[in-house]
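Spelled out, the chains give:
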Amino acid sequence: MKTILVAGGAGYIGSHMVALLVEKGYDVVVADNLCTGHKEAVKGAELCVGDVRDRAFLDKVFTEHRIDGVINFAAFSLVGESVTNPLKYYGNNVAGSQSMLETMVQHGVDKIVFSSTAATYGEPEKQPIEETDRTEPTNPYGASKLAIEGMLKWCSQAYGIKYAALRYFNAAGSNTDVGIGEDHHPESHLIPIVLQVALGKRDHVGIFGEDYPTPDGTCVRDYIHVRDLANAHLLALQYLDKGGESGPFNLGSGDGYSVKEIIETARKVTGHPIPAVVEPRRAGDPSVLIAANRKAAEKLGWKPERGLEEIISDAWTWHKGHPEPTMWPSAWRSVR
């Protein structure tokens, strides 16, 4: 494989994927409508501006470039918004993936790495979570991703398309080498919020509940560096190219960190006090979410290389250099 199409490559995780592919010598084409990404995040690749739901646009991209494989990040990803506007999420996420798969079939492209999510599991039955565990999403965002996984499965049987559905846990960090990082508007992810407090852009960080059945009473999550995520996508693409079996893969560190541990690590990294205020629980927050990543290790040869302190340190480096949201006027796409 030489030419890779990255759909949603102007977003947070997508732009890190593009940077890695360019570093490894691939020819990269990005398809993005820029509604939640930013063109300046695309480093060293050709950007084709358009919507993946538009078959004519995709057909033009595939016709003008000899695409060997696809990595699909294109999706809306705000869980709360998906609950209040589910048709937006089905109409964009599912329809966009259908359009991409139809175009792949038309042009004879048979490999795709799909950006899925741990939200496909819903409320987990056990920890750590394995790929074979029950999938019962508790929001339309997770349901739309699970629907796409089903579509990939049937397209694999019908058309011979090989796929890897990568179920992310909590992505964080930045690529300090090329100057890209995480910035959402509005911001809803813990690590950027904590760093905004350190920068003086917020008075405090809210801790939503401290009476969970965890060691310190706050929710525990599995954090993974965005550069480790990007590397997993590349390994998945190479795995499929070698004839690997299609299916889902968890991408997480296998370790859990509480909200209080995140805040304390950020205090250490930044040297700022970072005030925290305990607030009421949020509905639907599971106590613990941790990935079992053995399948990705065994099948893809992947393991995360960067720990929590490096995740926060890299994120801090980026946020210090981009203190004002006006520097990145469009929201980054991020998958939870």
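Residues numbered from 1 in each chain as written. Predicted model: local features only at pLDDT ≥ 70, side-chain atom pairs only at ≥ 80, totals over all residues. Heavy atoms only, no water.

Quick look at unusual backbone geometry now. Leaving glycine aside, a negative phi is the common case for residues, and trans is the common case for peptide bonds. Gln127 connects to Pro128 through a cis peptide bond whose omega is -10°. Note that Pro128 resides in the loop between strand E5 (111-117) and helix H5 (140-159). (Helix = DSSP H or I, 4+ residues; strand = E, 2+ residues; numbered from the N terminus.)

So, on to the state of the cysteines. Enumeration over the complete set of coordinates arrives at 0 disulfides. Left without a disulfide partner, Cys35 is nearest to the cysteine sulfur of Cys48, which lies 16 Å away. Residue class for Cys35 comes out partly exposed when judged on its relative accessible area of 40%. (Disulfide = S-S within 2.5 Å. Buried < 20%, exposed > 50% of the residue type's maximum accessible area, 1.4 Å probe, protein only.)

Now for the packing of aromatic side chains. Between two aromatic rings, the relevant description is the distance of the centres plus the angle of the planes. Tallied over the full model, the rule gives 2 aromatic pairs. Ring centres of Phe76 and Tyr89 lie 5.8 Å apart, and the angle between their planes is 55°; this geometry places the pair in the tilted category. Of this pair, Phe76 sits in the loop between strand E4 (69-72) and helix H3 (79-84) while Tyr89 sits in helix H4 (residues 86-107), and the two are 13 residues apart along the sequence. Overall, Phe76 belongs to the buried group, its relative accessible area being 13%. Owing to a relative accessible area of 0%, Tyr89 belongs among the buried residues under this scheme. Judged by centre distance (5.9 Å) and plane angle (85°), the rings of Tyr239 and Phe249 are edge-to-face. On the criterion of sequence distance, the pair formed by Tyr239 in helix H7 (residues 226-241) and Phe249 in strand E11 (residues 247-251) is long-range, its members being 10 residues apart. Considered together, Tyr239 and Phe249 belong to a single accessibility category, that of buried residues. For Lys153, the ring lying beneath its charged end belongs to Trp154, and the centroid distance is 5.3 Å. Above the plane of the ring of Tyr212 lies Arg281, whose end atom (NZ or CZ) is 3.8 Å from the centre. (Phe/Tyr/Trp six-rings, centres within 6.5 Å; stacked < 30°, edge-to-face > 60°. Lys NZ or Arg CZ within 6 Å of the ring centre and 35° of its normal.)

Here the focus is the side chain of Asp133. Inspection of the secondary structure puts Asp133 in the loop between E5 and H5. On the accessibility criterion, Asp133 (17% relative accessible area) is buried. Engagement of the side chain of Asp133 in a polar contact is seen with the side chain of Lys126, the distance being 3.1 Å. (Polar contact = N/O pair within 3.5 Å; in protein donor to acceptor, adjacent residues only side chain to side chain.)

What follows deals with the sheet that holds strand E14 (residues 288-289). In space, the 3 strands of this open sheet follow the order E12-E9-E14, with mixed pairing throughout. The open sheet terminates on both sides in strands that have one partner only, identified here as strand E12 (257-258) and E14. As paired elements, strand E9 (residues 220-221) and E14 share 2 bridges and run parallel to each other. Bridge pairing in E14 links Arg221 to Leu289. (Pairing = 2+ DSSP bridges.)

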